[in-house]
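Close look at the chain arrangement
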Amino acid sequence: MARVTELLYYPVKGCAGTSARELVLTPAGPAHDRSFMVVSEEGVYRTQRRHPLLAVVRPAVTPDGARLTLSAPRTEPLQLGVDTSGPRRRVDLFGTAYQGIDQGDEVAEWLSGVLGARSRLVRVPPEHHRVTDGATAGTSGFADSCAVHLLSRATLALLDRKLAARGVPPLPVNRFRPNIVVDGWDEPHTEDRAHRLHVGEAELAYAKPAIRCAVTLVEQESGSRAGPEPLRTLAGYRRAARGGVALGTKYAVPRPGRVSVGDEVTVTAWGASEV
């Protein structure tokens, strides 16, 4: 029987994740997931691809979303009240224009000091409307693409075995930044074919494979790039039909609801793998 073993969400895009025993899945994914984004002074998104030190920034948001705390090594934590009604500004996410609410100069200075690059923090506005792609259309905040990223322990175990054959130690799950980790599937990459899922109160619908990028090369505790793995090994056995290397699956959320660690994961529709 497959069950949820870990739940994570990422309040600030590119920054450290928050582990939870329970999440509310909204149509845009876990509540507060990627609801903030660090941008340049020109409004262009920042990610660990070019700014790996984002990984050491640890956000904590209150359940009502009204307050955000940011902490980082060798830096005093910063607490701020979240602005959800201020002036909108244009932001760029992968070349697409959206609107964001700037969170002010104090947090901008704090982030600029940690990252060593002039930065600002924006929040998704309440009227944010974004249609995500894939086999099932959905929506999300400032995530790279879809609402939910799911990864199974069997899939990670196979990667670890292949890394071990190269003399490389296992990689922690935080390299892959999933929202839901599932254990109990015997076959690696079962999530490739699990096209409709019931998890807790929620239902997930398959969108596309999770294509991996240079973020997987960043050691999340230190914010430093750590070499060619896992991309080198994944390139040997996980090339997606439409390009790139894939590990894990992205889903839309046709039925929102509460999900908890320990919930059973039931597949109600199977489909072909795109890898």
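Our subject is the structure listed above.
Residues numbered from 1 in each chain as written. Predicted model: local features only at pLDDT ≥ 70, side-chain atom pairs only at ≥ 80, totals over all residues. Heavy atoms only, no water.

For the structure shown, the criterion picks out two aromatic pairs. Across from the ring centre of F36, 6.0 Å away, lies the NZ or CZ of R123, which sits over that ring. (Phe/Tyr/Trp six-rings, centres within 6.5 Å; stacked < 30°, edge-to-face > 60°. Lys NZ or Arg CZ within 6 Å of the ring centre and 35° of its normal.)

Reading across the sheet, the three strands line up as 5-4-20 and stay open at both edges, with antiparallel pairing between neighbours. Each edge of the open sheet is held by one strand with a lone partner, namely strand 5 (29–30) and strand 20 (257–260). (Pairing = 2+ DSSP bridges. Helix = DSSP H or I, 4+ residues; strand = E, 2+ residues; numbered from the N terminus.)

Across the five residues of strand 13 (residues 148–152), five count as buried, placing the element largely inside the fold. Side chains V148, L150 and S152 of strand 13 all project onto a buried face; the interleaved residues H149 and L151 project onto the opposite face, where all are buried too. Judged from the three bridges that link them, strand 13 and strand 14 (residues 180–183) form a sheet pairing that is parallel. Directly across from L150, in strand 14, lies its bridge partner I180. (Buried < 20%, exposed > 50% of the residue type's maximum accessible area, 1.4 Å probe, protein only.)

For the rest of this paragraph, the subject is the pattern of salt bridges. Applying the stated criterion across every chain yields a total of 16 salt bridges. In this structure, D102 engages R89 in a salt bridge whose closest nitrogen and oxygen atoms are separated by 3.5 Å. In this pair, D102 is assigned in strand 11 (residues 96–102) and R89 in strand 10 (residues 88–93), connecting sequence segments 13 residues apart. K208 is the salt-bridge partner of D133, the closest N and O atoms lying 2.7 Å from each other. Highlighted residues: D133 in the loop between strand 12 (119–123) and strand 13 and K208 in strand 16 (residues 202–211), separated in sequence by 75 residues. Taking the relative accessible area as the measure of exposure, D133 reaches 46% and is therefore partly exposed. Taken together, the salt bridges that share partners define one network made up of R89, D102, D105 and R120. (Salt bridge = Lys/Arg side-chain N within 4 Å of Asp/Glu carboxyl O.)

Following E229, the chain continues into P230 via a peptide bond in cis, with omega recorded as 15°. Relative to the assigned elements, P230 resides in the loop between strand 18 (224–225) and helix 4 (231–234). Residue H32 is not a glycine yet carries a positive backbone phi of 75°. Residue placement: H32 occurs in the loop between strand 5 and strand 6 (36–40). Residue class for H32 comes out partly exposed when judged on its relative accessible area of 21%.

Along helix 1 (residues 105–115), the positions that sit buried rather than exposed are V107, A108, W110, L111, S112, V114 and L115. In this structure, the buried residues of helix 1 make contact with strand 6, strand 8 (67–72), strand 9 (75–81) and strand 12. Directly after helix 1, the chain includes G116, whose backbone phi takes a positive value near 70°. (Contact = heavy atoms within 4.5 Å.)

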